[in-house]
Amino acid sequence: MNKAFVREPDSTATYCPRCGSQGERVGTEVLQHYVADAQRQLLTEPAFFCPSPKCAVAYFDAFERFVLVKDLVRPAYPKDPSAAICACFGVTRRDIQRDVDEGVVTRTRAAVEQAQSSAACCAHLAANGRSCVPYLQKCFLDCRQHRDQQTR
Ligand SMILES: [Zn+2]
Ligand SMILES: [Zn+2]
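Structure report, in brief. (Residues numbered from 1 in each chain as written. Chains lettered and ligands numbered in written order. Predicted model: local features only at pLDDT ≥ 70, side-chain atom pairs only at ≥ 80, totals over all residues.)

As for the packing of helix α4 (residues 106-116) against helix α6 (residues 133-151)
For any two helices packed against each other, one specifies the crossing angle of their axes together with the interaxial distance. Packing of α4 against α6 brings their axes to within 9 Å, and their N-to-C directions diverge by 170 degrees. Judged by the inter-axis angle, α4 sits roughly antiparallel to α6. Only V133, L136 and F140 of α6 make contact with α4, whose side of the interface consists of T108, A111, V112, A115 and Q116. The residue makeup of the contact of α4 with α6, split by class, is six nonpolar, two polar and no charged. (Axes fitted to C-alpha atoms, helices over the stretch in contact; angles between N-to-C directions. Helix = DSSP H or I, 4+ residues; strand = E, 2+ residues; numbered from the N terminus. Parallel < 35°, antiparallel > 145°, perpendicular 65-115°, else oblique. Contact = placed C-beta atoms within 7 Å. Nonpolar A, V, L, I, M, F, W, Y, C, P; charged D, E, K, R; others polar.)

Section: the sheet that holds strand β1 (residues 24-26)
Consider a sheet: its strands pair through backbone hydrogen bonds, and that pairing is either parallel or antiparallel. Spatial ordering of the open sheet is given by β1-β2-β3-β4, a layout of four strands whose pairing is antiparallel. Only two strands of the sheet have a single partner each, and these edge strands are β1 and β4 (66-68). Strand-to-strand twist across the sheet, computed as the mean angle between neighbouring axes with direction ignored, equals 30 degrees. Summarising the sheet, strand β3 (residues 57-61) and β4 pair through three bridges and their orientation is antiparallel. (Pairing = 2+ DSSP bridges.)

Now the structure itself:
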């Protein structure tokens with residue numbers, strides 16, 4: 001996961017002005033979904049999503065202007081761990097936790113299949129404008145690891 005040494009020559013990577021995480025570029029549709037008009041006008045596109053769960057900055061631009069998580073019009077995963085992981089199908093961490101509790105993968109697998117299907121709209125509805133499949137998988141592994149630590 002360490003991308004510190006991977007630099008494309010024409011890199012447009014922009015880093016969060018608050019925490020220094022590498023931002024994930026988002027399009028207008030994502031901004032319209034999560035940011036109120038008045039706030040959105042403060043940002044110059046392209047805008048970026050700060051993926052750090054604990055950082056208070058949600059979106060920022062290349063001029064270090066930003067919109068805070070608390071000012072978003074709806075909860076955004078992973079800033080809010082109880083928000084839908086996959087905004088297109090409304091799958092939450094609680095659904096995945098239930099899979100882990102029951103020792104099954106039913107909900108997680110269904111969510112991944114939906115997210116990979118043509119009906120997925122992660123590009124518009126996920127806070128980072130990307131497929132939620134990596135988040136679904138990571139969430140499942142996190143929940144399972146948490147369970148293993150408790151039963152040990
Ligand atoms: Zn940040
Ligand atoms: Zn999705």
